[in-house]
Structures are given as C-alpha cells and as structure tokens.
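# Chain and residue survey
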Amino acid sequence: MFTGIVSDIGTITKVEERGDLRLVISCHYDMSSVDIGASIACSGACLTVVDKGADWFAVDISAESISKTAKSMWSQGSKLNLERALKVGDELGGHIVTGHVDAVGDIVSVETEGDSHPVRIHAPADIAPYLAPKGSITVDGISLTVNTVDDQQDGSTIFGLNIIPHTAGVTTFADLKAGDQVNLEIDILARYLSRMEKLRAVTA
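Our subject in this report is the structure included herewith. (Residues numbered from 1 in each chain as written. Predicted model: local features only at pLDDT ≥ 70, side-chain atom pairs only at ≥ 80, totals over all residues. Heavy atoms only, no water.)

### What to know about the sheet that holds strand β9 (residues 136–139)
The strand order β10-β9-β13-β7-β8-β12-β11 describes an open sheet built from seven strands, whose pairing is antiparallel. Edge positions in the sheet fall to β10 (142–145) and β11 (148–151), since each of these pairs with one other strand and no more. When strand polarity is set aside, the average angle formed by the axes of neighbouring strands in this sheet is 35°. Relative to strand β12 (residues 157–163), strand β8 (residues 117–123) is paired through seven bridges, and the arrangement is antiparallel. (Pairing = 2+ DSSP bridges. Helix = DSSP H or I, 4+ residues; strand = E, 2+ residues; numbered from the N terminus. Axes fitted to C-alpha atoms, helices over the stretch in contact; angles between N-to-C directions.)

### As for unusual backbone geometry
One non-glycine residue with positive phi stands out, namely K134, at about 75°. Note on placement: K134 falls in the loop between β8 and β9. Phi at D140 takes a positive value of approximately 50°, unusual for a residue other than glycine. Among the secondary structure elements, D140 is positioned in the loop between β9 and β10.

### Thoughts on the sheet that holds strand β3 (residues 39–42)
Two strands in a sheet stick together by hydrogen bonds in their backbones, pointing the same way (parallel) or opposite ways (antiparallel). The six strands lie next to each other as β1-β2-β5-β4-β3-β6, forming a closed barrel whose pairing is antiparallel. Pairs of neighbouring strands in the sheet enclose a mean axial angle of 45°, with direction left out of account. Here strand β2 (residues 20–26) runs beside strand β5 (residues 56–61); their pairing, made up of six bridges, is antiparallel. The residue bridging V24 from the neighbouring strand is A58, located in β5.

Such coordinate-based values are descriptive only and should not be taken to indicate function.
Now the structure itself:
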C-alpha cells in the first residue's frame, strides 16, 4: 500500500531479458533498510525488490505488467517516480494507492500558468466513470487532484490537473510533454462505490 507521495526519482541503469524483464534501478534510498521482497512503487507500478546494492535495487517485470503500463518506461535511462511501501504509523499525505495500474493515459497538453503547469490527460473509456472534479487520481505514482473532466463522445474523457512547482521539482513531471504516456490508477474508493452500484442494480 502506498500514498502517492514520491520520495525519490530512480534511473534504470540496466535492462536484462530473463524471460521476465530484470531491471536495475539506481536510487538515493538507504538500501540497508530495504529488505529483499519489499515493495517499491515505480511510477505507479508496485514491484518487488529481488536484489539490491548500496544505491540500487533490482526488480523483475512480467510481460503482463509491461503490457499494462506506459510504453518505453522500462528502457535503460528512463527515470521513475519511487515510493516505498506505507508503514503503520506513517503520515498519509496523499491518498490510498495500491500500485496497480488501471490504464494508460496520453498527455494532451502541458501549459504554463504562473509558476504552475496545467496538464490535460486523455483517459480511456473504461476508467472515465471513476474520474470526477476534486477527486483523486494517481498519475505515474503521484497522488493528484482532478481539476476538470471533459467527457468525450466515445466514452473516454480528458481530465485536467495543476502541477505546482514543488511537485514538478521532486517528480518526473518536469519532463512530461504532449504525446507522452502515463500510468493511471483510479481512487480505490471510487472503485468500490462503482462495484456496489453495479451489484445494487442487478439485485433491484
């Protein structure tokens, strides 16, 4: 379980094909405090530490995970938003995040407004019902608030965010541009409410 508050930016330094994809990711964590088998969210995807060194850790990624996440994010040199798993007693600064990517979104536009950056992202139809103004969304592992929702005729939606300078400075958002893909995870509360409504409709 995570909160969507990014605590480091990692860089993929090595990619190795072993059936599954083995990645070595450099980081600034004190890896002596990270156990083999621990979970680290990597740009929104919960991955398991399978090896580690003083300033790096390795993870294995299945073909299924690769197919459900943003294209090219698992290539050598790519930067990843990192967050260690939530511990009992930790501050919940963002919202409850599971580290399971629900869909891939496309950056429509990135603008500048004062010191902030309004960003618009196209989300597919299967998660559009879960997005609402002032609701929570996880984008590449970052807990963010939805500002606007513009529903499209095909059932998809374009939602708007506002990225403040601090968020841009401590995440990979500073490098985003139109046409890039991002990992999206919907709010877990919205997921359960939708399920309850569907069950209620069936039994009514």
